[in-house]
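# Structural characterization, general
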Amino acid sequence: GIQVEQSPPDLILQEGANSTLRCNFSDSVNNLQWFHQNPWGQLINLFYIPSGTKQNGRLSATTVATERYSLLYISSSQTTDSGVYFCAVRRGGSEKLVFGKGTKLTVNP
Amino acid sequence: DAGVIQSPRHEVTEMGQEVTLRCKPISGHNSLFWYRQTMMRGLELLIYFNNNVPIDDSGMPEDRFSAKMPNASFSTLKIQPSEPRDSAVYFCASSYSKSGANVLTFGAGSRLTVL
């Protein structure tokens, strides 16, 4: 099946810093989503981005489908950004969304 | 919209007992997914339904696990008999499939502890 690799596995930042999270996938996809799992365990959809670039406030994401990777940018990080960020992908012909292992982000005040 | 609703939020049971987890998807969504999250294995898809029909149950660990979706607004995941290794957070998610766009929305999860 399709493989999803996220890097780095752990990231520690000071409040106000910027960061880039990466997601590589092993096959062509027609669906890619970024999720944030907050410290209470809730999984929140951040972006649906099978290709191109989107922005939502301090967060933005870019997917280069032809090169099989996606990037999540967090600018001016805040302590509330802490948690685990997951990338999930889906191949054509299947509804199955496959998750990476996540990047655990800790933003210190 | 109330989102995807799961119950119970927490369940503690003893080995050998039956466990039933419940999910109400977002109204109008036609796909429903059950995921399990553990530290060791991350987020794993157990089973998904499309228009109330089970499509792929290859992630269901073994015969002790079963899932049903009797109608578009309700699904259950049952574990009988439960074992300590079943301890995990079980998430239900739903989506509306349309022209490839399939944005998954998760419930808050059910944390299961089997003693």
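A brief look at the structure comes next. (Residues numbered from 1 in each chain as written. Chains lettered and ligands numbered in written order. Predicted model: local features only at pLDDT ≥ 70, side-chain atom pairs only at ≥ 80, totals over all residues. Heavy atoms only, no water.)

### Topic: the interface of chain B and chain A
Listed by partner, the interface residues are 17 residues for chain B and 16 residues for chain A. For the pairing of chain B and chain A, the buried interface totals around 1,500 Å² over both sides, and the portion due to carbon and sulfur atoms is 54%. Joining chain B to chain A, the criterion identifies 1 salt bridge. Scanning the region where chain B abuts chain A turns up 4 residue pairs in polar contact (both at pLDDT 80 or more). For the side of chain B that touches chain A, the secondary-structure elements that each account for two or more residues are β4 (31–38) and β5 (42–50) of chain B. (Contact = heavy atoms within 4.5 Å. Buried area = accessible area lost by both parts, 1.4 Å probe. Salt bridge = Lys/Arg side-chain N within 4 Å of Asp/Glu carboxyl O. Polar contact = N/O pair within 3.5 Å; in protein donor to acceptor, adjacent residues only side chain to side chain. Helix = DSSP H or I, 4+ residues; strand = E, 2+ residues; numbered from the N terminus.)

### Remarks on the state of the cysteines
The bond known as a disulfide is covalent and runs between the sulfur atoms of two cysteines. In the structure shown here, the tally under the stated rule is 2 disulfides over all chains. Sulfur-sulfur distance for the disulfide between cysteine 23 of chain A and cysteine 87 of chain A comes to 2.0 Å. A torsion of -60 degrees about the S-S bond marks the disulfide between cysteine 23 of chain A and cysteine 87 of chain A as left-handed. Placement of the pair is cysteine 23 of chain A in strand β3 (residues 19–25) and cysteine 87 of chain A in strand β9 (residues 83–90), with a sequence separation of 64 residues. Across the pair, cysteine 87 of chain A and cysteine 23 of chain A agree in class, each one buried. The partner cysteine of cysteine 23 of chain B in its disulfide is cysteine 92 of chain B, sulfur to sulfur 1.9 Å. Taking the sign of the torsion about the S-S bond as the criterion, the disulfide between cysteine 23 of chain B and cysteine 92 of chain B, at about -70 degrees, is left-handed. Within this pair, whereas cysteine 23 of chain B is found in strand β3 (residues 19–24), its partner cysteine 92 of chain B is found in strand β9 (residues 88–95), the two being separated by 69 residues in sequence. With a relative accessible area of 1%, cysteine 23 of chain B lands in the buried category. (Disulfide = S-S within 2.5 Å. Buried < 20%, exposed > 50% of the residue type's maximum accessible area, 1.4 Å probe, protein only.)

### Notes on the sheet that holds β3 of chain B
Note: strands within a sheet are paired through backbone hydrogen bonds, in either parallel or antiparallel orientation. Residue and element names in this part refer to chain B. Within the open sheet, the 4 strands sit side by side as β1-β3-β8-β7. Their pairing is antiparallel. Across the chains shown, the open sheet's two edge strands, defined by having one partner strand only, are β1 (5–7) and β7 (65–71). Recorded for the sheet is a direction-independent mean angle of 15 degrees between the axes of neighbouring strands. (Pairing = 2+ DSSP bridges. Axes fitted to C-alpha atoms, helices over the stretch in contact; angles between N-to-C directions.)

### A word on the pairing of β3 of chain B
All names here are of chain B. Direction of pairing for β1 relative to β3: antiparallel, over a ladder of 3 bridges. Directly across from serine 7, in β3, lies its bridge partner arginine 22. Alignment of β3 against strand β8 (residues 74–79), held across 5 bridges, turns out to be antiparallel. Looking at the pairing, valine 19 lines up with isoleucine 79 of β8.

### Re the pattern of salt bridges
Considering all chains together, one arrives at 11 salt bridges over all chains under this definition. The shortest N-O distance in the salt bridge between lysine 96 of chain A and aspartate 56 of chain B comes to 3.0 Å. Placement of lysine 96 of chain A in the loop between β9 and β10 (98–99) and of aspartate 56 of chain B in strand β6 (residues 53–56) is noted, with the two residues assigned to different chains. Given the relative accessible area of 25%, lysine 96 of chain A is considered partly exposed. Across the pair aspartate 86 of chain B and arginine 64 of chain B runs a salt bridge whose closest N-O atoms are separated by 2.6 Å.

### Overview of the pairing of strand β11 (residues 110–114) of chain B
All names here are of chain B. Side chains Ser110, Leu112 and Val114 of β11 all project onto a buried face; the interleaved residues Arg111 and Thr113 project onto a face where none is buried. Pairing between strand β2 (residues 10–13) and β11: 4 bridges, direction parallel. Bridge pairing links threonine 13 to valine 114 in β11.

Don't take any of this as a statement about function, it's just geometry.
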